[in-house]
Amino acid sequence: MKNFDSKNSNDPKIAVLIDADNVPHSNSKGMLDEITKYGIPTIKRIYGDWTKTTMRGWKSILLENAITPVQQYSYTIGKNATDSTMIIDAMDILHRDEVDGFCIVSSDSDFTRLATRLRESGKFVIGIGEKKTPQPFIVSCDKFIYLEILDKGEEGHFPEKSETSRSLRVSANKKNVPDDIIELLRGTINDMADEDGWAFLGDVGNSIIKKRPDFDSRNYGFEKLTLLVNACEAFFEIDSRKVENRSNKLVYVKNK
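Throughout what follows, the structure given in this document is the object of discussion. The structure presented is a predicted model; accordingly, all values stated were derived computationally and were not measured.

## Looking at the sheet that holds strand β1 (residues 13-19)
Okay, step 1: Taken together, 6 strands build an open sheet; the order of strands is β3-β2-β1-β4-β5-β6 and the sheet is parallel. The outermost strands of the open sheet, each flanked by one partner alone, are β3 (68-71) and β6 (143-146). In this sheet, neighbouring strand axes are inclined to one another by 20° on average, regardless of whether the strands run parallel or antiparallel.
Okay, step 2: Taken together, the 4 bridges between strand β5 (residues 124-129) and β6 define a ladder with parallel strand orientation. Counted as the bridge partner of Ile128 is Ile145 from β6.
Okay, step 3: Strand contacts of helix α1 (residues 28-35): β1, β2 (40-48), β4 (101-105), β5 and β6, with the helix running at about 160° to β1, the strand carrying the most contacts.

## Topic: the sheet that holds strand β7 (residues 199-200)
Note on sheets: strands pair through backbone hydrogen bonds, and any given pair is parallel or antiparallel.
Okay, step 1: Strand order in the open sheet formed by 3 strands is β7-β9-β8, and the pairing between neighbours is antiparallel. If you trace the sheet from one side to the other, it starts and ends with β7 and β8 (236-242), each paired once.
Okay, step 2: The pairing of β7 with strand β9 (residues 249-255) spans 2 bridges and is classified as antiparallel. Within β9, the position partnered with Phe200 by the bridge is Tyr252.
Okay, step 3: Together, β7, β8 and β9 form the strand contacts of helix α8 (residues 179-192), whose direction differs from that of β9 by roughly 105°.

## Some points on the pattern of salt bridges
Okay, step 1: Under the definition given, this model contains 15 salt bridges.
Okay, step 2: Where Arg212 meets Asp180, a salt bridge forms, and the shortest distance between an N and an O atom there is 3.6 Å. One end of the pair, Arg212, is in the loop between α9 (201-211) and α10 (225-231); the other, Asp180, is in helix α8, and 32 residues separate them in sequence.
Okay, step 3: Overall, Arg212 belongs to the partly exposed group, its relative accessible area being 27%.
Okay, step 4: Relative accessible area serves as the criterion here: at 44%, Asp180 is assigned to the partly exposed category.
Okay, step 5: Between Lys211 and Asp191 there is a salt bridge; the shortest N-O distance is 3.0 Å. One end of the pair, Lys211, is in helix α9; the other, Asp191, is in helix α8, with 20 residues separating them in the sequence.
Okay, step 6: The exposure class assigned to Lys211 is partly exposed, which follows from its relative accessible area of 39%.
Okay, step 7: Judged by relative accessible area, Asp191 falls into the exposed class, the value being 54%.
Okay, step 8: One salt-bridge network, in which partners are shared between bridges, spans Glu34, Lys37, Lys143, Asp216 and Arg218.

## Quick look at the packing of α8 against α9
Okay, step 1: Closest axis-to-axis distance for the α8/α9 pair is 9 Å, and the angle between their directions is 120°. Our classification of the angle between α8 and α9 gives oblique. Here the hand of the crossing between α8 and α9 comes out right-handed. Within the contact between the two elements, α8 uses Leu184, Leu185, Gly187, Thr188, Ile189, Asp191 and Met192 and α9 uses Asp203, Val204, Ser207, Ile208 and Lys211.
Okay, step 2: Residue classes in the contact of α8 with α9 are distributed as 6 nonpolar, 3 polar and 3 charged.

Reading guide: rules and limits
- Residues numbered from 1 in each chain as written.
- Predicted model: local features only at pLDDT ≥ 70, side-chain atom pairs only at ≥ 80, totals over all residues.
- Heavy atoms only, no water.
- Pairing = 2+ DSSP bridges.
- Helix = DSSP H or I, 4+ residues; strand = E, 2+ residues; numbered from the N terminus.
- Axes fitted to C-alpha atoms, helices over the stretch in contact; angles between N-to-C directions.
- Contact = heavy atoms within 4.5 Å.
- Salt bridge = Lys/Arg side-chain N within 4 Å of Asp/Glu carboxyl O.
- Buried < 20%, exposed > 50% of the residue type's maximum accessible area, 1.4 Å probe, protein only.
- Parallel < 35°, antiparallel > 145°, perpendicular 65-115°, else oblique.
- Left-handed = near helix turned anticlockwise from the far one by under 90°.
- Nonpolar A, V, L, I, M, F, W, Y, C, P; charged D, E, K, R; others polar.

This is the structure in structure tokens:
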């Protein structure tokens, strides 16, 4: 299985399957931008009953982003035929072996078994849904992203780029980091640390995702994990180390 780190240059191919019945179209731009961080969305399909007036908001989005709409009538009241169609298509794509991973966009727990089956076949699975998404579906994915944290730039939550404004934002968000996240960070740093107690922050972040697929620093108001750790200076020490022949620095973290 290929590495789906957003910094990976291999550009994995992703099949994006969207449950239009369970996600609002208002989050579409942030959602689609987020997916491209992990690879190339070579297959983009959205499922729903397009005869319903509630689906009108998706029309321009489908045209602008080359998403293929799949019509699925509601045969019986109370039964979601859309889920079944998505699952069948996902398995067809899986057996054709055309992609490296899947992105399932839904807040419905009915896709829990599908996500598990795709991972069993060696595919990386990204889930995107609202915070009401049931935990079984979240933990069945390799990575889960909440829709509510996307489009922050447009809403004005994360627009500042200067160091001064960033510091102010970090200070203002210290109280947003729950105790269980502090303990998760501390435990993971211990797991990854060298003999001197230092751990590469990139490795720490990857390890946390394996433990908590829905972990994202943006859930707590921070653009990057580095900013979150900086905001918790009472618990962690950070060391930015220069690398020869590279302009960027590697960030290491240590428990206090």
